[in-house]
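# Structural characterization, general
Listed below are the residues making up each chain.
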Amino acid sequence: MATAMTAPAAGAMVEGRSSSSRDDAAARLHKDNAIEHWAKIKSLMDKKQVVLFLDYDGTLSPIVDQPDKAFMKEGMRPVLAQAASVFTTAIVTGRSKDKVYNFVGLDDVFYAGSHGLEIQGPLDRPVKCQMAEDMRPMLEATTDTLHSLLGHIQGYEIEDNKFSLSVHYRQVPSPPHVEELHNIVHEYVATAPEIVVKAGKKVLELRPKVDWHKGSAVNWILDALDLGNRSDVFPIYLGDDITDEDAFVAMETRACGGMGILVKEKFDPERPPETNASFSLRNPDEVQTFLATLVSHAGTVTSAKAPPATAAGDTS
Ligand SMILES: O=P(O)(O)OC[C@H]1O[C@H](O[C@H]2O[C@H](CO)[C@@H](O)[C@H](O)[C@H]2O)[C@H](O)[C@@H](O)[C@@H]1O
């Protein structure tokens, strides 16, 4: 195995950035807080039909060391349930759709799992989208290979998200091992034309090389509901991670308006110092407050949920 760096490792990036470039990066990431600038947001969505898109980890649930313990805090689910009762709501996540359903536990929302590669509508809008069905054997083989390559690294974890894989290193205690993990995974992906890798929060996200991402999933859901080209529809996407940037772009490039909100607590040296979001929130607690505020103003926007979809968006 060659030892050349194929990707910046976490430790190297922290060390390589001076405090002033850190300040620059933080400044570039700065966006107005969505609670403090509520009046502005209210005017943007005035009389429009809000459609809510929510990332899960770091947005609805706090980031924790163990991925299978990433529960929402008490209080988030009832607010989310209220939001879903007045706004068409979708969870868009790197987790598998079934896993995130187990965390969220609501039946009247859309679930877009594996970075949007698998979408399932709620019971009254039973649309489905499956972008990577035949990729499962390839991902299983990739998991086996990566385990054999990474086995000596203490604390790594490969999470099976059905149509994507998450190689976690939050619990790898040694920075040289983190760097080695980055190198091994990037070198492997360089030999696997059917896979792409993206960095997340102490995780490398591997997914099939399909021209599809969270932004595509958001657009697919809007189109499946016949809401894609309507000027009276205002989608809002809340997310904290690099993979959410594709969805922020989808909001920004929408001719009829839309808004991305970046959830970020503090400067993260592993994150690119740019975002396509328009506003920010500090953490899931603020997300909960924002959702509650949105619900309490539901009367001032056209809050009626979209009518059940016909078979139009059903690709199953
Ligand atoms: O798209 P998301 O819903 O944000 O999912 C992205 C990944 O989130 C999870 O990993 C992150 O959260 C974990 C729990 O807090 C944390 O331990 C990890 O370090 C984070 O990267 C999830 O485990 C992954 O499968 C998702 O792809």
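Residues numbered from 1 in each chain as written. Predicted model: local features only at pLDDT ≥ 70, side-chain atom pairs only at ≥ 80, totals over all residues. Heavy atoms only, no water.

## Observations concerning the confidence of the model for the protein
The predicted structure's coordinates, where accompanied by low pLDDT, should not be read in detail. Taken as a whole, the protein shows an average pLDDT of 88; of its residues, 86% reach a score of 70 or greater. Of the regions scoring below 50 in pLDDT, residues 1-17 engages in 34 contacts with residues more than four places distant in sequence or in other chains. In the predicted structure, residues 309-316 sits below a pLDDT of 50 and forms 17 contacts with residues beyond four places in sequence or in another chain. Interface scoring of the predicted complex returns ipTM 0.99; its pTM is 0.89. (pLDDT = per-residue confidence, 0-100. Contact = heavy atoms within 4.5 Å.)

## What about the site of the ligand?
Among the 22 residues in the neighbourhood of the ligand, the closest are listed as Asp 55, Val 64, Glu 159, Arg 170 and Lys 201. Gly 94 places a polar main-chain atom, nitrogen or oxygen, 2.8 Å from an oxygen atom of the ligand. For the ligand, an oxygen atom lies 2.7 Å from a polar atom in the side chain of Glu 205. Compared with its free state, where it exposes 570 Å², the ligand has 100% of that area covered by protein. Taken together, the elements giving at least two residues each to the shell around the ligand come down to strand S8 (165-168) and strand S10 (203-208). Of the residues that constitute the shell around the ligand, the class distribution is seven nonpolar, five polar and ten charged. Taken domain by domain, the makeup of the shell around the ligand includes at least three residues from each of domain 1 (32-131 + 212-313) and domain 2 (133-208). (Near = heavy atom within 4 Å. Polar contact = N/O pair within 3.5 Å; in protein donor to acceptor, adjacent residues only side chain to side chain. Areas by Shrake-Rupley, 256 points an atom, 1.4 Å probe, with all protein chains shown as cover. Helix = DSSP H or I, 4+ residues; strand = E, 2+ residues; numbered from the N terminus. Nonpolar A, V, L, I, M, F, W, Y, C, P; charged D, E, K, R; others polar. Domains from an automatic or database assignment.)

## Looking at the sheet that holds strand S7 (residues 157-160)
The strand order across the open sheet built from four strands is S7-S8-S10-S9, with neighbouring strands paired in antiparallel fashion. The open sheet has two edge strands with one neighbour each: S7 and strand S9 (195-200). Here the strands of the sheet are splayed against their neighbours by 20 degrees on average, with no regard to which way each runs. Note that S9 and S10 share six bridges and pair antiparallel. Note that in S10 the partner of Lys 198 across the bridge is Glu 205. (Pairing = 2+ DSSP bridges. Axes fitted to C-alpha atoms, helices over the stretch in contact; angles between N-to-C directions.)

## A look at the pairing of strand S3 (residues 88-92)
Within S3, five of the five residues are buried, leaving the element largely enclosed by the surrounding structure. Going residue by residue along S3, you find Thr 88, Ala 90 and Val 92 tucked away on one face and Thr 89 and Ile 91 tucked away on the opposite face as well. Note that strand S2 (residues 49-54) and S3 share four bridges and pair parallel. Opposite Leu 54, over in S3, you have Ile 91 as the bridge partner. (Buried < 20%, exposed > 50% of the residue type's maximum accessible area, 1.4 Å probe, protein only.)

## Examining helix H4 (residues 76-86)
What H4 keeps buried is the set Met 76, Val 79, Leu 80, Ala 83 and Ala 84. Along the axis of H4, the buried residues cluster in a sector spanning 135 degrees; they form a single face. Buried residues along H4 sit in contact with S2, S3, helix H5 (97-104) and helix H10 (284-296). (Arc of directions from axis to C-beta.)

## A few points about the domain arrangement of the protein
Per the domain assignment, the segments making up the protein are domain 1 (32-131 + 212-313) and domain 2 (133-208). Averaged C-alpha coordinates put domain 1 and domain 2 at centres separated by 27 Å. Carbon and sulfur atoms supply 46% of the area buried between domain 1 and domain 2, which totals about 1,900 Å² over both sides. The largest share of the area that domain 1 buries against domain 2 comes from Pro 67, His 115 and Glu 270, three residues that together contribute 23% of it. Our count for the contact surface shared by domain 1 and domain 2 stands at five salt bridges. Across the salt bridge formed by Lys 162 and Glu 118, the nearest N and O atoms sit 3.5 Å from each other. Inspection of the domain 1/domain 2 interface yields 15 residue pairs in polar contact (both at pLDDT 80 or more). When its residues are assigned to classes, the side of domain 1 that touches domain 2 shows seven nonpolar, eight polar and eight charged. (Buried area = accessible area lost by both parts, 1.4 Å probe. Salt bridge = Lys/Arg side-chain N within 4 Å of Asp/Glu carboxyl O.)

## Looking at the environment of Thr 145
Mapped onto the secondary structure, Thr 145 falls in helix H6 (residues 136-150). The spatial distance from the C-alpha of Thr 145 to the C-alpha of Gln 82 is 44 Å, given a sequence separation of 63 residues.

## Here's the deal with the nonpolar core
Counting 38 residues, the largest nonpolar core has Leu 60, Ile 91, Ile 236 and Phe 290 as its most contacted members. The next biggest cluster of nonpolar side chains, apart from the first, holds 29 residues, and it includes Cys 129, Phe 163, Leu 222 and Tyr 237. (Core = buried A, V, L, I, M, F, W, Y, C linked by side-chain atoms within 4.5 Å.)

## Some details on the pattern of salt bridges
Applying the stated criterion across every chain, the model contains 18 salt bridges. The closest approach of N and O atoms between Asp 57 and Arg 95, which form a salt bridge, is 2.7 Å. Here the residue Asp 57 occupies a position in the loop between S2 and H4, and Arg 95 occupies one in the loop between S3 and H5, the gap between them amounting to 38 residues. Judged by its relative accessible area of 22%, Asp 57 is partly exposed. The exposure class of Arg 95 is buried, given its relative accessible area of 5%.

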